[in-house]
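Commentary on secondary and tertiary structure
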Number of protein chains: 2
Amino acid sequence: MTYWIAADWGTTTLRITRMDGTRALETRESDQGMNTLTREQFEPALLAMAGDWIDGPTQVIACGMVGARQGWAEAAYRSLPCTPLDSGLTKVTTQDARLDVSIVPGVRQLKPHPDVMRGEETQIAGILAKLPEFEGVACLPGTHTKWAHLSAGEIVSFRTVMTGELFATLTGQTVLRHSLSGDGWDEDAFLAAVSDALSRPETLIAKMFELRAADLLHGQDAAIGRGILSGLLIGAELAATKPWWMGRDIVITGSDKTTRAYAAALTSQGLNPKILPARDMTLAGLTAAKGT
Amino acid sequence: MTYWIAADWGTTTLRITRMDGTRALETRESDQGMNTLTREQFEPALLAMAGDWIDGPTQVIACGMVGARQGWAEAAYRSLPCTPLDSGLTKVTTQDARLDVSIVPGVRQLKPHPDVMRGEETQIAGILAKLPEFEGVACLPGTHTKWAHLSAGEIVSFRTVMTGELFATLTGQTVLRHSLSGDGWDEDAFLAAVSDALSRPETLIAKMFELRAADLLHGQDAAIGRGILSGLLIGAELAATKPWWMGRDIVITGSDKTTRAYAAALTSQGLNPKILPARDMTLAGLTAAKGT
């Protein structure tokens, strides 16, 4: 059997790809993420979406929050330092005998600070499959951005910064929502705020309300406000993660828009990040996991 | 007529007090804040709550978001520097001829950064009514904490930090809600985090996700997590507002619990803040406004 299914099963999204060996044939996506499903609902959700791809014994390799305690089956964290895929996969017991489902375990860090990842280890495996000799830092921007120090094929340490969730929450749930609506984006305001936050990161928390006041007093455009807030948050993130990226080679792996913002911010600091698309890295990682 | 009504009418709460001259007789509170009312609903809301206090011509002095553009009547901002109550009150036209309603205008700052307040200027008037010679900084903690530099009876400059809203949003709307539920509070964790954030404010944004990871990996108690998050935010706020409070006399005027947290944080930095209760300062400020 050369056909198999690669499943990127996160908190809010399920994305499955029909694979022929290392080649992606078709991808489907739904909002049946981990947080919408009880344990018994994972298998029906998968069958409902991939049913016509399954005409015999079918291997499924999944990564992400599907392996959390609240997921389909808990895939216990491995501890650092480790390669992104060592110690193998966690098998899932299924009702449908045609399914052969395995989940990639997440990774945990106990020191110097507690941290966890689920799904990003698979993207890192994809990065190392594409760039086997890579030494440096992988930046995986998203809801919870990960900065992972990679050396000799291993994840040495990492740091999670919830920048994406902060931006979404501040623009959607706080008083700033009145002044930062829409999806406009001002690049100059963004880069100026990155620089501002990097040089004076201690002012971040005080700068937020300025966005509301600048709208009330000067009618500041929402696109400028959104650029400033994003720049302040990413600039503060770069200030906090300086020990990770300073003087190192950097790969960024994320969605198009977010990746562009991080790349622009890092480039403005004199760095030259390499960009690898997130979905390709996930598939490359799941392909590598299938071979383990 | 010696009886009048003091109204503290904010975004989410309406609190009215029947006054006999400078003496408070009775206070009533409802959730009919500015953001639940259209312009036409303010007068009926007031009459429904205070009806039995109104047996003839009755003066009502109100402060807070009731004077915003979306409020009962817009009370245009005054610009700094100004005394908290100069330039008088904004009269409101009412249907009920017995009512004589006035709103205290808010204050705006154009430089060095844009900022606005509505309601806090009345508390500051109350502080200056109690301590006419006060020179220093008023810290008014709350959803949007204000730091106001007071000199010669005037507000010279101020800074709003949305610390209270950040804490509520992070503990209620983000992934941290799974690890920071309840209303527990660990004072030691709080003070350690204040110190941590003050000495390394650039790490704030990266420390947030640690609270989730520490729960997942070590089962960290929610009360400790809440103490740490509050300490990180207030510590970051103190780092950002250092030019305001450093080496100055400080008055804190807020609710009991929040005031205690700020007082503990400032005391841990060798300061000796004076505490004045928020509701008393609001009434003292509205009483001063009545006399203008």
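Residues numbered from 1 in each chain as written. Chains lettered and ligands numbered in written order. Predicted model: local features only at pLDDT ≥ 70, side-chain atom pairs only at ≥ 80, totals over all residues. Heavy atoms only, no water.

We now examine the overall build of chain A. When helices and strands are tallied, chain A shows 9 helices and 14 strands. Relative to the 2.2 N^0.38 estimate, which gives 19 Å for 292 residues, the radius of gyration of chain A is 20 Å and therefore close to what a compact globule would have. Counting only C-alpha atoms and orienting by the principal axes, one finds that chain A spans roughly 65 × 40 × 35 Å. Looking at the 292 residues of chain A, the share that counts as buried comes to 58%. A separation threshold of at least 6 residues defines the contact pool for chain A, and within that pool the share at least 24 residues apart is 65%. (Helix = DSSP H or I, 4+ residues; strand = E, 2+ residues; numbered from the N terminus. Rg over C-alpha atoms; globule rule 2.2 N^0.38 Å. Buried < 20%, exposed > 50% of the residue type's maximum accessible area, 1.4 Å probe, protein only. Contact = heavy atoms within 4.5 Å.)

Take the packing of aromatic side chains next. Residues and elements named next belong to chain A. Counted under the stated rule, the structure contains 8 aromatic pairs over all chains. Between the aromatic rings of Phe-42 and Trp-72, the centroid separation amounts to 6.1 Å while the plane-to-plane angle is 10 degrees, which identifies the pairing as stacked. Taken together, the residues Phe-42 in helix α1 (residues 42–50) and Trp-72 in the loop between β4 (58–63) and β5 (78–79) connect sequence positions 30 residues apart. Trp-72 shares its class with Phe-42; the two are buried. Their ring planes at 40 degrees and their centres at 4.9 Å tell us that Trp-185 and Phe-190 sit as a pair that is tilted. (Phe/Tyr/Trp six-rings, centres within 6.5 Å; stacked < 30°, edge-to-face > 60°.)

Aligned on chain A, chain B shows an RMSD of 0.1 Å; the corresponding rotation is 180 degrees and the shift along the axis is 0.1 Å. When the rotation and shift are considered jointly, the pair of chain copies conforms to a two-fold rotation axis. The rotation axis passes nearest to the C-alpha of Glu202(B) in chain B, at a distance of 2.9 Å. Mapped onto chain A, 100% of the interface residues of chain B again fall at the interface, so both copies present the same surface. (Least-squares fit on C-alpha atoms with pLDDT ≥ 70 in both.)

All names here are of chain A. Ordered in space as β3-β2-β1-β4-β7-β6, the 6 strands form an open sheet in which the pairing is mixed. Unpaired on one side and paired on the other, β3 (23–30) and β6 (90–92) mark the two borders of the sheet. Taken over all neighbouring pairs, the strand axes of this sheet differ in orientation by 25 degrees on average, direction set aside. (Pairing = 2+ DSSP bridges. Axes fitted to C-alpha atoms, helices over the stretch in contact; angles between N-to-C directions.)

Below, the discussion takes up the pattern of salt bridges. Residues and elements named next belong to chain A. One pass over the full model with this rule turns up 28 salt bridges over all chains. Salt-bridge contacts for Arg-28 lead to Glu-26; the nearest nitrogen and oxygen are separated by 3.1 Å. In this structure, Arg-28 and Asp-52 form a salt bridge, with 2.8 Å as the shortest nitrogen-oxygen distance. With a gap of 24 residues between them, Arg-28 in strand β3 and Asp-52 in the loop between α1 and β4 connect regions that are remote in the sequence. The structure contains a network of salt bridges with shared partners spanning Asp-8, Arg-15, Glu-29 and Arg-279. (Salt bridge = Lys/Arg side-chain N within 4 Å of Asp/Glu carboxyl O.)

Moving on, we come to the domain arrangement of chain A. Looking at the assigned domains, one finds that chain A contains domain 1 (3–106) and domain 2 (161–275). For domain 1 of chain A and domain 2 of chain A, the distance between their C-alpha centroids amounts to 33 Å. (Domains from an automatic or database assignment.)

Turning next to the interface of chain B and chain A. With 45 residues of chain B in contact, the opposing surface of chain A contributes 45 residues. Summed over both sides, the interface between chain B and chain A buries roughly 3,600 Å², with carbon and sulfur atoms accounting for 75% of that surface. Linking chain B to chain A there are 2 salt bridges. A salt bridge links Arg159(A) to Glu210(B); its shortest N-O distance comes to 2.8 Å. Taken together, the links from chain B to chain A amount to 6 residue pairs in polar contact (both at pLDDT 80 or more). Going through the elements one at a time, β8 (107–109), β9 (115–117), β12 (154–161), α3 (163–173), α5 (204–218) and α6 (222–240) of chain B are the ones with two or more residues in the side of chain B that touches chain A. (Buried area = accessible area lost by both parts, 1.4 Å probe. Polar contact = N/O pair within 3.5 Å; in protein donor to acceptor, adjacent residues only side chain to side chain.)

Trp147(A), Leu233(A), Leu238(A), Trp147(B), Leu233(B) and Leu238(B) are the most contacted members of the largest nonpolar core, which has 88 residues in total. The residues touching Leu238(B), leaving out its near neighbours within four places in the chain, are Trp147(B), Val194(B), Leu198(B), Trp245(B), Ala265(B) and Leu266(B). (Core = buried A, V, L, I, M, F, W, Y, C linked by side-chain atoms within 4.5 Å.)

With that settled, the discussion passes to unusual backbone geometry. Of note, the amide linkage connecting Lys111(A) to Pro112(A) takes the cis form, showing an omega dihedral of 0 degrees. Its place among the elements puts Pro112(A) in the loop between β8 (107–109) and β9 (115–117). Phi is positive for Ala152(B), close to 50 degrees, though the residue is something other than glycine. Tracing the sequence through the fold places Ala152(B) in the loop between β11 (145–151) and β12.

What follows covers helix α5 (residues 204–218) of chain A. Side chains of residues three or four places apart in an α-helix project in the same direction, reflecting 3.6 residues per turn. All names here are of chain A. Here α5 contains 15 residues, and its C-alpha end-to-end distance of 21 Å stays within 8% of the 21 Å for a straight helix at 1.5 Å per residue. For α5, the tally of buried residues reaches 12 of 15 residues, placing the bulk of the element in the interior. Taken residue by residue, α5 has Leu-204, Ile-205, Ala-206, Lys-207, Met-208, Phe-209, Glu-210, Leu-211, Arg-212, Ala-213, Ala-214 and Leu-217 as its buried positions. Phi turns positive one or two residues past the end of α5, at Gly-219, with a value near 60 degrees. (Expected span 1.5 Å × (residues − 1).)

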